Amino acid sequence: MLETIKQTAEYLKQRTGLSPKYGIILGSGLGGLVDEIEIQHKIPYTEIPNFPVSTVEGHSGNLIFGNLGGKLVVAMQGRFHFYEGYAMEQVVFPVRVLKYIGVETLFVSNAAGGMNPAFEIGDLMLINDHLNLQPNPLIGPNNKELGPRFPDMSEPYSHVLLEKAEKVAASIGIKVQKGVYASVTGPTFETPAEYRWFWRIGADAVGMSTVPEVIVARHMGVECFAVSVITDLGVEGQVHKVSHEEVLQAANIASGKLTKLITELVREL
Ligand code: HPA
């Protein structure tokens, strides 16, 4: 597996001549950030050796190299989800490739359902911890070159980046929430009892991504920062029908705020 990761990273480094230190994963309906990147290379996933190909509507599937907030970044426009049928190893493959390209800090975004009654649709929630309710992507033989067998998870989301992000958000007038993200496989949205359960066990929001990527990033020593856009509410007594279209629409509306926050945060680094 390591050979495949290195081969893909080598291909990308040779094709672009670039080794960005900052990686970004864009969630459903949150691709707007790409418009802020001064693009140098836009590489369809289909052209990248060993890359899985994304299948979900709203995920275009390009790896983008360019400048954002004065920094060289590599952004994944489209990610891979366990519910699509990929093995966990495939879901997290691109993150491992990013590390071998040179990425030291990973910014992740997603759309999520909010259980915290203080949340509103369109809110940004800085993820300060998570509950992993998907299969752990590190199950299986461990390659020491990637990271330790039993990785520490005491600080999955960098406190330094969280503090910086709060300051940046305040300075540009963007309201942010903070909270715990529960990561589930999906593809079903939650039943009212499930939302209630996740809230009671300590999650503020729930979604179907992010945590597998963060776990492998932390395994490799990559710093992480993640934001959920609250696209629907799983608040007791307020659970309505949810559709993928509604999630995408709400994400699109909030996408501008997320773009500003990440751009300005990257500028501060
Ligand atoms: N549940 C799970 N995943 C989601 C949700 C949700 O309510 N909204 C957006 N992604």
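See the structure shown above.
All residue numbers refer to positions counted from 1 along the written sequence of the respective chain. Totals for whole chains, interfaces and linings use all residues, but because this is a predicted model, local features are given only for residues with pLDDT of at least 70 and pairs of side-chain atoms are given and counted only at 80 or more. The side-chain quantities take in all heavy atoms of the structure and omit both hydrogens and water.

1. Thoughts on a nonpolar patch on the surface
Taken together, the side chains of Leu133, Trp197 and Ile201 define a hydrophobic patch exposed on the protein surface, amounting to about 290 Å² of accessible area. Relative to the assigned elements, Ile201 resides in the loop between helix H4 (192–200) and strand E8 (205–207). Like charges within 9 Å and nonpolar side chains (Val, Leu, Ile, Met, Phe, Trp, Tyr) within 5 Å are joined into patches, using only residues over 30% in relative accessible area that form no salt bridge. Each accessible area value is a Shrake-Rupley result obtained with a 1.4 Å probe; residue values ignore everything except the protein chains displayed when judging cover. A side-chain nitrogen of Lys or Arg and a carboxyl oxygen of Asp or Glu constitute a salt bridge if their distance falls within 4 Å. Secondary structure follows DSSP: runs of H or I at least 4 residues long count as helices, runs of E at least 2 residues long count as strands, and numbering of each begins at the N terminus.

2. Here's the deal with the site of the ligand
By convention in this text, a residue qualifies as near a molecule or strand provided that one of its non-hydrogen atoms is within 4 Å of it. Taken together, Ala111, Ala112, Gly113, Phe189, Glu190, Tyr195, Val206, Gly207, Met208, Thr231, Asp232 and Val247 are the residues near the ligand. The term polar contact refers here to a pair of N or O atoms within 3.5 Å; inside protein, the definition further demands a hydrogen-donor-capable atom paired with an acceptor-capable atom, and it admits residues adjacent in sequence only when both atoms are side-chain atoms. Here an oxygen atom of the ligand and a side-chain polar atom of Asp232 are 2.6 Å apart. If the ligand stood free it would expose 260 Å²; the protein chains cover 96% of that surface. If you list the elements that add at least two residues to the shell around the ligand, you get strand E5 (105–114), E8 and strand E9 (223–233). Broken down by element, the residue count for the shell around the ligand peaks at three residues, all from E5. Classification convention: Asp, Glu, Lys, Arg as charged; Ala, Val, Leu, Ile, Met, Phe, Trp, Tyr, Cys, Pro as nonpolar; all other residues, Gly among them, as polar. Of the residues contributing to the shell around the ligand, the split by class is seven nonpolar, three polar and two charged.

3. Some thoughts on unusual backbone geometry
Here the amide bond leading from Gly186 into Pro187 is cis, since omega sits at 0°, within 30 degrees of zero. Summarising the element assignment, Pro187 is placed in the loop between strand E7 (176–183) and H4. Not every positive phi belongs to a glycine, and Asn50 is a case in point at roughly 75°. Positionally, Asn50 belongs in the loop between strand E2 (38–44) and strand E3 (62–68).

4. Quick word on the pattern of salt bridges
Between side chains of opposite charge, a pair can form as their charged atoms come close. One pass over the structure, following the stated rule, counts seven salt bridges. The shortest N-O distance in the salt bridge between Lys13 and Glu10 comes to 3.6 Å. Remark: Glu10 and Lys13 occur in helix H1 (residues 2–16); sequence separation between them is three residues, near one turn of the helix. Throughout this description, buried means an accessible area under 20% of the type-specific maximum (1.4 Å probe, protein chains only), exposed means over 50%, and partly exposed covers the range between. Given the relative accessible area of 38%, Glu10 is considered partly exposed. As a salt-bridge pair, Arg267 and Glu264 come within 3.0 Å of each other at their nearest N and O atoms. With Arg267 and Glu264 both in helix H6 (residues 244–268), this residue pair falls three residues apart, about one helical turn. Accessibility expressed as a relative area gives 45% for Arg267, which makes it partly exposed.

5. Thoughts on the packing of H1 against helix H2 (residues 88–101)
Note on geometry: axes are C-alpha line fits, over the in-contact stretch for helices, and angles between N-to-C directions span 0 to 180 degrees. Orientation of H1 relative to H2, taken along the N-to-C sense of each, is 60°, at an axis distance of 8 Å. Taken together, the axes of H1 and H2 are oblique relative to one another. Relative to H2, H1 is oriented so that their crossing is right-handed. For the pair formed by H1 and H2, the contact residues are Leu2, Thr4, Ile5, Lys6, Thr8, Ala9, Leu12 and Lys13 on the first element and Phe93, Arg96, Val97, Tyr100 and Ile101 on the second. Taken together, the residues of the contact of H1 with H2 break down into eight nonpolar, two polar and three charged. Note on terminology: angles under 35 degrees are roughly parallel, angles over 145 are roughly antiparallel, angles of 65 to 115 are roughly perpendicular, and the others are oblique. Crossing handedness follows the turn of the near helix against the far one: under a right angle anticlockwise gives a left-handed crossing, and clockwise gives a right-handed one. In this description, contact between two residues means that some pair of their heavy atoms is separated by no more than 4.5 Å.

6. With respect to the environment of Asn62
By the element assignment, Asn62 lies in strand E3. Sequence-distant contacts of Asn62, defined by excluding residues within four places in its chain, comprise Lys42, Ile43, Pro44, Tyr45, Ala75, Met76 and Gln77.

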